[in-house]
There are 2 protein chains.
Amino acid sequence: MFIEQTIGVAPKATKYDGRRRNLQLALQHVYREGLTTRAEISRLTGLTRATVSDLVAELVTGGLVKEVGPGTSSGGKPPTLLELDPTGRQIAAIDLSRRPFRGALVDLQGGIPHRITGRRGSRRGASALREVFALAEALVERSSAPLLGIGIGTPGIVDLDGSVAEAANLDWHGVQLAREIAERFDLPVEVANDAHAAALAEFGSRPVVNLALVKVGIGIGAGIVVNGELYRGDRPAAGEIGHIRVVEGGARCTCGNTGCLETVASVPNIIRRAVSLAGIDASAESLPWRASELEATVGGDALGEAIATAGRHLGAVLAHLVAILDVHRIAIAFELEGADQPFLEAVGSALAARILPSLASLVEVSVATHGPDLVLAGAAALVLREQLGVVWQ
Amino acid sequence: MFIEQTIGVAPKATKYDGRRRNLQLALQHVYREGLTTRAEISRLTGLTRATVSDLVAELVTGGLVKEVGPGTSSGGKPPTLLELDPTGRQIAAIDLSRRPFRGALVDLQGGIPHRITGRRGSRRGASALREVFALAEALVERSSAPLLGIGIGTPGIVDLDGSVAEAANLDWHGVQLAREIAERFDLPVEVANDAHAAALAEFGSRPVVNLALVKVGIGIGAGIVVNGELYRGDRPAAGEIGHIRVVEGGARCTCGNTGCLETVASVPNIIRRAVSLAGIDASAESLPWRASELEATVGGDALGEAIATAGRHLGAVLAHLVAILDVHRIAIAFELEGADQPFLEAVGSALAARILPSLASLVEVSVATHGPDLVLAGAAALVLREQLGVVWQ
């Protein structure tokens, strides 16, 4: 199989596949251009005018594209302008990477007409699974357009069939998540690791070919896009950087090892360290993930030092990532609200000090787009990519 | 552009491209099967019998495939067996990663009917370029079959057009290597980074989808195959792991930075450290890259310690590579002859200690195939892939 992949010989397309591909091609064009015409689609896709008329008719009937009046005439009858109907479909998106879980209905341009939040408290095992069912059900009920599908971003290792092989934080081992949800709701379901989903959302916002998205929250994980595609790896667990040992003889990690990156750079461990540096009597678990409130509790110095230490350790790991992948765009989703600037500065300088200056000058470390909706946007992007062949932009 | 890449929509094939693709498809099949028939090719490629007959006629006339007598009849006339004619073409392959440079004529199955070695001494700048011309000329003169092209593996960063952007060891900056060679010899020329070429050769020997090949010689570099394709990166300089800082306040590196992986793990620096540990008066540069002779000079303890230290540092970097890429197959080409075993042991245990045990249990670190001919095989593979659409196996 790998030999065919290498040279990119695709199997012969069936007639059905050909039509689906052409529909996707026309839709991609509308998606990208914003406002276009049948003639433009024909010119840029190489499809005949007759084929394009036929495809556009199907997209208009299906509610994905709408006609928005006459354009400028180049002599004869003015052409009809077409644009995407962002409200023509919705996607039910679920983010299991935060507590409580979150859900949203997402339209075709990333708009979020409706949000829901799961119950407070840490759900694990069967309880977490019931919570996902409840969120999905609530979203399906509230949808105000036909649903394209359900997209889920979850911590852990997710197999290509959408089952969660291993998610320690959720106490899930071999949970057939995609299958169970699909059977319950009779809709297409896409499940991916939270950082992988996030990388897909970030990729849609940037005109690049390669990028890495690093998510720093309860855990630390990266999503990697190479050659314009989400890269998954062998298990598939690409980007599982949280459990690389970065401190010899370091603290015990939830994974059982010691000195993992997460022990010094996850948000809970940053807060724990700030509390410890401040020498105050506070339960780190009860403190909010907001810099302003934390500063009021532990003081600016302790918080600054804890954030800088975390940033330095992450920067050293990212030096490896940048050198190994020669990826120059790094987006960081740091879930400690209001602390992006000092964190990114620490990451950036530790990273730059550990690689060739000529490479360091090319690397750009920036805050991820989409803010707290990143995984929701990514979960929706999974469905959008699979069902319509398009990527957020 | 990146959106099309994401969903794999190729531009419409022209008739010429279609024929070329079908020729490659038929040839790949012959390449893979060893012994086959027109009917088998038709069955497995989905091409009609008439098309296959036509394609095979062209491959036979062109000297790439030969008829080797009748096969087993399933009733009617026995089919004619076909196989690759490995001697039907040759590739001129050149390896600039070692001193002296080396060249070889390589046949279609990786056989090496002829080898040459460049002049002794360290060539740099224009002198190195003249040496490459001389090697290419000697190979072209000695070829005993039509040449498919010239393939070159070189240290440094190689642009996609085959120009060498930067090769510090050769003092090359922006050398239009592929263009200059192609103009001189009027043959297709492929140039790639030595470790990238090596990864392609290694990939051909293994039934995997993702792998990393690490080359440890004068410099240290990795070649990465992901999703069945050589991954190049943004510059493109993927796998340039030799200049990641691994020792704080470490020794000055040739790149100008301090504490790079190469300062502790390149073969010259391993030998230097062994000499220093032994406390003897010897010039590390004059010692051979052979464990047995080195041991006689510096003693087993000093050599063992230097090799183990190098292995530990490389293992720590590879822990990052394995976690980031979730690649489970690592091949190591260690150019200190006769020391694979202790080096791989040190690499493997340092690597395993720094990643999740569940991941470590999946990772296999092994000696690269092809021995000292690795880059030559890779350079030939570059041409083979480009000209015939096939990969070594």
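## Details of the nonpolar core
Line of reasoning, step 1. The biggest cluster of nonpolar side chains holds 106 residues, and the ones touching the most others in it are Ile241 of chain A together with Ile241 of chain B.
Line of reasoning, step 2. With near-sequence residues (within four places) excluded, isoleucine 241 of chain B lies in contact with Ile324 of chain A together with Val214, Ile220, Gly221, Ala222, Leu261, Leu314, Val317 and Leu318 of chain B.

## Observations concerning the interface of chain B and chain A
Line of reasoning, step 1. With 66 residues of chain B at the contact, the number on the chain A side is 66 residues.
Line of reasoning, step 2. Of the roughly 5700 Å² buried between chain B and chain A, counting both surfaces, carbon and sulfur atoms make up 59%.
Line of reasoning, step 3. Scanning the region where chain B abuts chain A turns up 4 salt bridges.
Line of reasoning, step 4. Note that glutamate 248 of chain B is salt-bridged to arginine 354 of chain A, the shortest N-O span being 2.7 Å.

## Some remarks on empty space enclosed by the protein
All names here are of chain B.
Line of reasoning, step 1. Counted by the stated rule, this structure contains 5 cavities of 30 Å³ or more.
Line of reasoning, step 2. Empty space within the largest cavity amounts to approximately 50 Å³.
Line of reasoning, step 3. Forming the boundary of the largest cavity are 13 residues, of which Gly156, Asn193, His196, Ala238 and Glu240 lie nearest the centre.
Line of reasoning, step 4. Listing elements by their share of the lining of the largest cavity, those giving two or more residues are strand S8 (157–158), helix H7 (194–204) and strand S13 (220–226).
Line of reasoning, step 5. Here the residues of the lining of the largest cavity are counted per class, giving 7 nonpolar, 5 polar and 1 charged.

## Thoughts on the relation of the copies chain B and chain A
Line of reasoning, step 1. Once turned by 180° and shifted 0.0 Å along the axis, chain B lies on chain A with an RMSD of 0.1 Å. The superposition of one copy onto the other is thereby described by a two-fold rotation axis. Of every C-alpha in chain B, the one belonging to histidine 320 of chain B sits nearest the axis of rotation, 3.3 Å from it.
Line of reasoning, step 2. Comparing interface residues between copies, 100% of those in chain B also sit at the interface in chain A, which points to an isologous, same-surface contact.

## A short note on the sheet that holds strand S8 (residues 157–158) of chain A
All names here are of chain A.
Line of reasoning, step 1. The strand order S8-S9-S10 describes an open sheet built from 3 strands, whose pairing is antiparallel. Lying at the two open borders of the sheet, with one neighbouring strand each, are S8 and strand S10 (172–175).
Line of reasoning, step 2. Pairing analysis gives 3 bridges linking strand S9 (residues 164–167) to S10, with the strands arranged antiparallel. Looking across to S10, one finds that valine 164 is bridged to valine 175.

## Some details on helix H12 (residues 340–353) of chain B
All names here are of chain B.
Line of reasoning, step 1. Its 14 residues give H12 an end-to-end C-alpha distance of 20 Å, which sits within 8% of 20 Å, the value for a rise of 1.5 Å per residue.
Line of reasoning, step 2. Listed as buried for H12 are Phe343, Leu344, Ala346, Val347, Ala350 and Leu351. One side of H12 holds all its buried residues, which, seen down the axis, span an arc of 160°. H12 presents Gln341 and Glu345 as exposed residues on the side facing more than 90 degrees away from its buried surface.
Line of reasoning, step 3. Tucked inside the fold, the buried residues of H12 contact strand S12 (211–216), helix H11 (300–325), strand S15 (329–334) and strand S16 (364–367).

## Thoughts on the packing of helix H3 (residues 38–45) of chain A against helix H4 (residues 49–61) of chain A
Residues and elements named next belong to chain A.
Line of reasoning, step 1. Axis separation between H3 and H4 bottoms out at 9 Å; the angle between their running directions is 120°. Judged by the angle between their axes, H3 and H4 are oblique. Crossing of H3 over H4 shows right-handed handedness. On H4, the residues that touch Arg38, Ala39, Ile41, Ser42 and Thr45 of H3 are Arg49, Val52, Ser53 and Val56.
Line of reasoning, step 2. Across the contact of H3 with H4, the residue classes tally to 4 nonpolar, 3 polar and 2 charged.

## A few points about the environment of glycine 299 of chain A
Residues and elements named next belong to chain A.
Line of reasoning, step 1. Note that glycine 299 resides in the loop between helix H10 (291–298) and helix H11 (300–325).
Line of reasoning, step 2. Overall, the relative accessible area of 23% leaves glycine 299 in the partly exposed class.
Line of reasoning, step 3. Sequence separation of glycine 299 and alanine 278 is 21 residues, and the distance between their C-alpha atoms is 7.1 Å.

## With respect to the pairing of strand S4 (residues 90–95) of chain B
All names here are of chain B.
Line of reasoning, step 1. Counting buried positions along S4 gives 6 out of 6 residues, so the element sits mostly inside the fold.
Line of reasoning, step 2. A two-sided burial pattern is seen for S4, the buried positions comprising Gln90, Ala92 and Ile94 on one face and Ile91, Ala93 and Asp95 on the other.
Line of reasoning, step 3. Examined bridge by bridge, S4 and strand S7 (residues 147–154) share 6 bridges and lie parallel to one another. Each bridged residue has a counterpart across the sheet, and for alanine 93 the counterpart in S7 is glycine 151.

## A closer look at helix H14 (residues 374–388) of chain B
Along an α-helix, residues three or four apart share an orientation, since each turn contains 3.6 residues.
All names here are of chain B.
Line of reasoning, step 1. Given a rise of 1.5 Å per residue, 15 residues ought to cover 21 Å, and the 20 Å separating the end C-alpha atoms of H14 matches this to within 8%.
Line of reasoning, step 2. Counted residue by residue, H14 has 12 buried out of 15 residues, so it is predominantly covered.
Line of reasoning, step 3. What H14 keeps buried is the set Leu374, Val375, Leu376, Ala377, Gly378, Ala379, Ala380, Ala381, Leu382, Val383, Leu384 and Leu388.
Line of reasoning, step 4. Phi turns positive, to about 70°, at glycine 389, one or two residues after H14.

## Some thoughts on the sheet that holds S16 of chain B
Residue and element names in this part refer to chain B.
Line of reasoning, step 1. Strand order in this open sheet of 5 strands is S14-S13-S12-S15-S16, and the pairing throughout is mixed. The open sheet has two edge strands, strand S14 (229–231) and S16, and neither has a second partner. The average angle at which neighbouring strand axes cross in this sheet is 25°, direction not considered.
Line of reasoning, step 2. Along the sheet face, H12 touches S12, S15 and S16 and points at about 165° away from the line of S16.

## Remarks on the packing of aromatic side chains
Line of reasoning, step 1. For the structure on display, the rule yields 2 aromatic pairs over all chains.
Line of reasoning, step 2. Taking 3.8 Å as the distance between ring centres and 10° as the angle between the ring planes, the aromatic pair formed by phenylalanine 334 of chain A and phenylalanine 343 of chain A counts as stacked. Residue phenylalanine 334 of chain A shares its accessibility class with phenylalanine 343 of chain A, and that shared class is buried.
Line of reasoning, step 3. A cation over a ring is seen here: arginine 184 of chain B above phenylalanine 133 of chain B, with NZ or CZ 3.7 Å from the ring centre.

## Brief notes about the side chain of histidine 243 of chain B
Line of reasoning, step 1. In this structure, histidine 243 of chain B sits in the loop between S14 and helix H8 (261–265).
Line of reasoning, step 2. In this structure, histidine 243 of chain B is in contact with Arg354, Ile355 and Leu356 of chain A together with Cys253, Thr254, Cys255, Cys260 and Glu262 of chain B, ignoring residues within four places of it in sequence.

## Structural notes on the pattern of salt bridges
Line of reasoning, step 1. Under the counting rule described, the total for this entry stands at 38 salt bridges over all chains.
Line of reasoning, step 2. One salt bridge connects glutamate 183 of chain A with arginine 179 of chain A, and the closest N-O pair in it is separated by 3.8 Å. Here the residue glutamate 183 of chain A and the residue arginine 179 of chain A both occupy positions in helix H6 (residues 177–185), the gap between them amounting to 4 residues, near one helical turn.
Line of reasoning, step 3. Residue class for glutamate 183 of chain A comes out exposed when judged on its relative accessible area of 61%.
Line of reasoning, step 4. The residue aspartate 326 of chain A makes a salt bridge to arginine 235 of chain B at a minimum N-O spacing of 3.2 Å. In this pair, aspartate 326 of chain A is assigned in the loop between H11 and strand S15 (329–334) and arginine 235 of chain B in the loop between S14 and H8, connecting two distinct chains.

What counts, and at which threshold
Residues numbered from 1 in each chain as written. Chains lettered and ligands numbered in written order. Predicted model: local features only at pLDDT ≥ 70, side-chain atom pairs only at ≥ 80, totals over all residues. Heavy atoms only, no water. Core = buried A, V, L, I, M, F, W, Y, C linked by side-chain atoms within 4.5 Å. Buried < 20%, exposed > 50% of the residue type's maximum accessible area, 1.4 Å probe, protein only. Contact = heavy atoms within 4.5 Å. Buried area = accessible area lost by both parts, 1.4 Å probe. Salt bridge = Lys/Arg side-chain N within 4 Å of Asp/Glu carboxyl O. 1 Å grid on protein atoms, 1.4 Å probe; cavity = no way out; pocket = protein on both sides within 12 Å on 5 of 7 lines; lining within 4 Å. Points joined across faces, edges and corners; volume = space filled by probe spheres on them. Helix = DSSP H or I, 4+ residues; strand = E, 2+ residues; numbered from the N terminus. Nonpolar A, V, L, I, M, F, W, Y, C, P; charged D, E, K, R; others polar. Least-squares fit on C-alpha atoms with pLDDT ≥ 70 in both. Pairing = 2+ DSSP bridges. Expected span 1.5 Å × (residues − 1). Arc of directions from axis to C-beta. Axes fitted to C-alpha atoms, helices over the stretch in contact; angles between N-to-C directions. Parallel < 35°, antiparallel > 145°, perpendicular 65-115°, else oblique. Left-handed = near helix turned anticlockwise from the far one by under 90°. Phe/Tyr/Trp six-rings, centres within 6.5 Å; stacked < 30°, edge-to-face > 60°. Lys NZ or Arg CZ within 6 Å of the ring centre and 35° of its normal.

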